[in-house]
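Coordinate analysis (summary)
Residue-level listing of the chains:
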Number of protein chains: 2
Amino acid sequence: MPRQIRMSEFPEARPPREVWTFTEDPVSEVQDDEVSVRVDWVSVDPGMHGWISTKPSYMPPVQPGEVMRAFGVGEVVESRSSRFTPGDWVTGFLGLQTHGIYRDRHIRKIYPELASPELFLSGLGMTGYTAYFGMMDIGRPVQGETVVVSAASGAVGSVAVQLAKQTGARIIGIAGGQEKCAYLKDVLQLDGVVDYKAGRLDEQLLALTPDGVDLYFDNVGGDILDLLLTRMNYKGRIVVCGGISQYGEMTPSKGPQNLMRVVTHSLKMQGFTMKDYMSRVPEALEVLISGWKDGSLIFRQHILDGLDHFPDAYEMLFAGRNNGKLLIKV
Amino acid sequence: MPRQIRMSEFPEARPPREVWTFTEDPVSEVQDDEVSVRVDWVSVDPGMHGWISTKPSYMPPVQPGEVMRAFGVGEVVESRSSRFTPGDWVTGFLGLQTHGIYRDRHIRKIYPELASPELFLSGLGMTGYTAYFGMMDIGRPVQGETVVVSAASGAVGSVAVQLAKQTGARIIGIAGGQEKCAYLKDVLQLDGVVDYKAGRLDEQLLALTPDGVDLYFDNVGGDILDLLLTRMNYKGRIVVCGGISQYGEMTPSKGPQNLMRVVTHSLKMQGFTMKDYMSRVPEALEVLISGWKDGSLIFRQHILDGLDHFPDAYEMLFAGRNNGKLLIKV
């Protein structure tokens, strides 16, 4: 029987486990312009926090009782659409379920002959596109500049630092814990790494950025953004990609106290969502695939086996305990 | 005897009156490449707050015992520079004093045959340039958009709203008190005015911006910036021109809690200082002079008579009690 994970009610804070309801409901029949898909992989994303919040955001929230929204990849098993035939591999919001029926215009093909399907949920999927457009289209690092990336070992951050490094900029990563920092230093070969769990963040950052910071790629918000505001050079740029430190609580977030620096240092802060860039996905995909093929881009994945692990995975993500893009093999 | 106002020590909070010391010191002798100037007008600016703070900023602070920094206009009375002759009118950081000696490259000519000299401290000076570049080069309002300006009746705000209105955008001004709001509504003919001293700001703003806000020109920071973050449309722009609400205290400022909106709504926040634009002053001056001549731009000035009024003027500025650009006739 197909299995699903549904959101039973809007959580008021970091969702307790009771929010997730496991169901075994039959899948409805395929209608015209629809396909039936066996879901093989789903992705656990920081954005999920916003999808189960009633706060206005870039997309409407999941409603209580609905299958939890999630990116996924899977194989078409039945089609009543001219766009897909059984055996095609597809991606999109497939949801936390083993099988689903989707409108053909809500999903798109992926090409397992180019790369293993789950990569289209990590470095070759939204994660990779977010890193690519955020760093290369908004941030635009230049040779010789100092670039700082927070959550640098995370799914988006680890791709962003690698792309930035190829421009010849000096890259400083911020991460928490020895394992993550060793990965950034030894495997991704960043120019400097700040371990926010080891000693004073401000002193470590100061020592690694004696000439200030030209570009800050912010994956966390909160205190780290506040600190970086004091380190930015005149005319510096801040790409605001997320605020995972603020996701845990649904109470009002803490705002940066040093925002006046935006005026005195002529800073530009820019946020974005992938919605702005969907038409340019092929450009990102080309860069990411070729980097992955020639080994110049590494996409680390943290894989859990079985849909049942989703509640653990969700907690792991917001506690920062995953190493690399968090995926569930359904 | 020439008179000066000096800053006696760095204040720790909003400067008490004892910070200002009145002196009567002779002016030194004019050296090569210097001119002696009789200072006729000085300008009282929000930026002064930063100039007497030890916090790193876009220019070094005034040192204890030095004549307080201020923009001024005056007439050259003696010259040992090939660039100026007695009778020329000049502007620059002339300081709070009746007479001063300046290096020729630190001042520049103004043209009293075009407009009365004090206008080069208000609409035809830094104030006007700041409004022009902030609104027209960074903000770039477009016909049909909704533009909100805080401190809209202030020196920069009142020029910014008039420039924006000429683009055909819908302009909503925020100001405090009946007199200021009446000025914005009746004289500058804005499309809507929010009086933050009369009733709930959020409700007034919501009623006047049913379709959200495309561009917010922020002169105040603090709670009003935080509120506007919740009203911005997707891909909205915020021009950060100042944070006068945060100037009063030198304790850490309050940061906006809704900064995550920058991500979810794909917002761009940009700060600037006039340093970025000095090479483009002629462009601004042309627009501002022609608007002033044909009556399409009004520059309101609040004039106090005599240097002795500076401590009052400074308090008046940060209490928002001035109506228009605050100037002192020396």
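Residues numbered from 1 in each chain as written. Chains lettered and ligands numbered in written order. Predicted model: local features only at pLDDT ≥ 70, side-chain atom pairs only at ≥ 80, totals over all residues.

**With respect to the overall build of chain A**
If you tally the helices and strands in chain A, you get 9 helices and 15 strands. Here the C-alpha atoms of chain A give a radius of gyration of 20 Å, agreeing with the 20 Å that 2.2 N^0.38 yields for 330 residues. Oriented by its inertia axes, the alpha-carbon framework of chain A measures out at about 60 × 45 × 35 Å. Out of the 330 residues in chain A, the part that is buried amounts to 51%. Long-range pairs, those at least 24 residues apart, make up 65% of the contacts in chain A between residues at least 6 apart in sequence. (Helix = DSSP H or I, 4+ residues; strand = E, 2+ residues; numbered from the N terminus. Rg over C-alpha atoms; globule rule 2.2 N^0.38 Å. Buried ≥ 20, exposed ≤ 12 C-beta atoms within 10 Å, placed from the backbone. Contact = placed C-beta atoms within 7 Å.)

**Brief notes about helix 3 (residues 155-165) of chain B**
Taking burial as the measure, the 11 residues of helix 3 of chain B include 10 buried ones, the bulk of the element. Within helix 3 of chain B, the full set of buried residues consists of A155(B), V156(B), G157(B), S158(B), V159(B), A160(B), V161(B), Q162(B), L163(B) and A164(B).

**Quick word on the pairing of strand 8 (residues 146-149) of chain A**
Residue and element names in this part refer to chain A. In strand 8, alternate side chains face the same way, and those of T146 and V148 on one face and V147 and V149 on the other are all buried. Relative to strand 9 (residues 170-175), strand 8 runs parallel, the two sharing 4 bridges. Within strand 9, the residue paired with T146 across the bridge is R170. For the handedness criterion, the β-α-β arrangement of strand 8, helix 3 (residues 155-165) and strand 9 is classed as right-handed. Direction of pairing for strand 8 relative to strand 11 (residues 213-218): parallel, over a ladder of 3 bridges. Pairing of V148 across the sheet is with Y216, part of strand 11. (Pairing = 2+ DSSP bridges. Right-handed = clockwise from strand over helix to strand, strands pointing away.)

**Quick word on unusual backbone geometry**
Notably, S266(A) is not glycine yet its phi reads approximately 55°, a positive angle. Along the chain, the position of S266(A) falls in the loop between helix 7 (261-264) and strand 13 (268-271). Residue class for S266(A) comes out buried when judged on the 22 C-beta atoms lying within 10 Å of it. For R140(B), which is not a glycine, the phi torsion comes out positive at approximately 50°. As for its placement among the helices and strands, R140(B) is situated in the loop between helix 2 (126-139) and strand 8 (146-150). Under the C-beta neighbour-count criterion, R140(B) is labelled partly exposed, with 14 such atoms within 10 Å.

**Considering the confidence of the model for chain A**
Residues and elements named next belong to chain A. Summarising the model, chain A shows a mean pLDDT of 91, and 95% of its residues fall at 70 or more. Between residues 246-252, whose pLDDT stays under 50, and residues either more than four places distant or in other chains, the model counts 15 contacts. Under the prediction, the complex receives an ipTM of 0.82, its pTM being 0.86. (pLDDT = per-residue confidence, 0-100.)

**A short note on the packing of helix 2 (residues 126-139) of chain A against helix 8 (residues 281-293) of chain A**
Residue and element names in this part refer to chain A. It is the contact of helix 2 with helix 8, at a shortest axis distance of 9 Å, that shows an interaxial angle of 100°. When the axis of helix 2 is compared with that of helix 8, the two are roughly perpendicular. Each of G128, Y129, Y132 and F133 in helix 2 lies in contact with helix 8, whose residues at this interface are V281, A284, V287 and L288. (Axes fitted to C-alpha atoms, helices over the stretch in contact; angles between N-to-C directions. Parallel < 35°, antiparallel > 145°, perpendicular 65-115°, else oblique.)

**Description of the domain arrangement of chain A**
Residues and elements named next belong to chain A. The domain boundaries assigned to chain A delineate domain 1 (4-123 + 299-329) and domain 2 (126-275). The distance between the C-alpha centroids of domain 1 and domain 2 comes to 28 Å. Each partner contributes residues to the interface: domain 1 has 17 residues there, and domain 2 has 18 residues. Along the lines of polarity and charge, the residues of the side of domain 1 that touches domain 2 split into 6 nonpolar, 7 polar and 4 charged. (Domains from an automatic or database assignment. Nonpolar A, V, L, I, M, F, W, Y, C, P; charged D, E, K, R; others polar.)

**Some remarks on the pairing of strand 6 (residues 99-103) of chain B**
Residues and elements named next belong to chain B. Taking every second residue as pointing to the same face, the buried face of strand 6 carries G100 and Y102, while none of H99, I101 and R103 on the other face is buried. As paired strands, strand 3 (residues 34-43) and strand 6 are joined by 5 bridges and run antiparallel to one another. Opposite V35, over in strand 6, you have Y102 as the bridge partner.

**A closer look at the sheet that holds strand 8 of chain B**
Note: strands within a sheet are paired through backbone hydrogen bonds, in either parallel or antiparallel orientation. Strand order in the open sheet formed by 12 strands is 10(A)-9(A)-8(A)-11(A)-12(A)-13(A)-13(B)-12(B)-11(B)-8(B)-9(B)-10(B), with mixed pairing between adjacent strands. Two strands bound the open sheet, and with one partner strand each, they are strand 10 (192-195) of chain A together with strand 10 (192-195) of chain B. With strand direction ignored, the average angle separating the axes of adjacent strands in the sheet is 15°.

**Here's the deal with the environment of D88(B)**
Here D88(B) shows up in the loop between strand 4 (71-79) and strand 5 (89-93). Taking C-alpha positions, D88(B) is 25 Å from G291(B), a pair spaced 203 residues apart along the chain.

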